[in-house]
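The chain contents come next:
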Amino acid sequence: VNQLSPLGTLEAVLNNAGQADISGIELEAVLRPTDRLDVSVGIGYQDAEFKEYLEGDGAGGQIDVSSDRVLEFTPDYSYNLGLRYIIANTDNGIWSARLDIHGMDDHDFQPVPVKAVAQSSYDLVDARLALDDIAVAGGVLSVSLWGKNLTDKSYRTGGFTFTDDFGFNSYGLPRTYGLDIEYRM
């Protein structure tokens with residue numbers, strides 16, 4: 001667990017938090033309801049909590065603060081849903097469209113919960129339009145136009161506070177678009 005030094009200085013100290021219980025389950029499925037449609041779905045659930053988290057009490061002893069601490073980067077749930085539809089299978093290649101939705105529950109980035117460096121639940125949407133398997137000069141060409149985080153959701157991927165007034169956050173990418181061209185021999 002990362003935390004401030006006992007002296008309150010701006011350095012991270014790595015300590016053993018004591019004891020934690022983590023349990024969960026993940027389920028994934030890939031379905032093909034028709035010869036043109038692929039569906040992939042996944043869901044994860046985890047229950048994570050400290051059972052013991054000892055800190056100095058200022059008088060040379062230790063106290064258990066586990067009820068006031070959380071495990072970092074442990075949302076209760078995460079999920080993904082992907083749909084890929086083959087639009088047309090032509091002599092010039094295979095046209096397909098893909099939509100992906102994925103997200104996760106609230107989670108903290110440090111053991112002492114601070115809203116300024118925590119992430120509330122969020123969902124992201126990605127899409128892709130592709131033309132694959134284009135025969136070109138003895139090889140195969142694929143071209144795809146894609147977009148990620150299409151709703152331009154601002155979301156944190158990490159963060160840490162050193163004091164009540166000083167800390168930092170890192171953020172996921174905003175809406176991005178691109179064109180991929182791949183040639184395979």
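Since we're looking at a predicted model, the values are computed, not measured. (Residues numbered from 1 in each chain as written. Predicted model: local features only at pLDDT ≥ 70, side-chain atom pairs only at ≥ 80, totals over all residues. Heavy atoms only, no water.)

Student: Looking at this structure, how should I read the pairing of strand β8 (residues 93–104)?
Tutor: Within a regular strand, the side chains alternate between the two sheet faces. With twelve bridges joining them, strand β7 (residues 77–90) and β8 adopt antiparallel strand pairing. Paired with Asn80 across the strands is His102, a residue of β8. Sheet analysis places β8 next to strand β11 (residues 122–136), joined by eleven bridges and oriented antiparallel. Bridged to Ile94 within β11 is Asp132. (Pairing = 2+ DSSP bridges. Helix = DSSP H or I, 4+ residues; strand = E, 2+ residues; numbered from the N terminus.)

Student: Help me out: how do you make sense of the side chain of Asp105 in this one?
Tutor: Within the secondary structure, Asp105 is located in the loop between β8 and β9 (107–108). An unpaired buried charge is present at Asp105: no salt bridge exists, and Lys153, the closest side chain of opposite charge, is 12 Å distant. Look past the residues within four positions of Asp105 in its chain and what remains in contact with it is Pro75, Asp76, Tyr77, Gln119 and Ser121. (Buried < 20%, exposed > 50% of the residue type's maximum accessible area, 1.4 Å probe, protein only. Lys, Arg positive; Asp, Glu negative; His and termini not counted. Salt bridge = Lys/Arg side-chain N within 4 Å of Asp/Glu carboxyl O. Contact = heavy atoms within 4.5 Å.)

Student: Which parts of the structure should I look at to understand the sheet that holds strand β3 (residues 19–34)?
Tutor: Neighbouring strands of a sheet are bound in pairs by backbone hydrogen bonds; such pairs are parallel or else antiparallel. Pairing is antiparallel in the open sheet, where seven strands are placed in the order β3-β4-β7-β8-β11-β12-β15. The open sheet has two free edges, formed respectively by β3 and β15 (176–184), since each of these has just one partner strand. Shown here is a sheet whose adjacent strand axes are inclined to one another by a mean of 15 degrees, direction ignored. Relative to strand β4 (residues 37–52), β3 is paired through 14 bridges, and the arrangement is antiparallel. Of the residues in β4, the one forming a bridge with Leu27 is Ile43. (Axes fitted to C-alpha atoms, helices over the stretch in contact; angles between N-to-C directions.)

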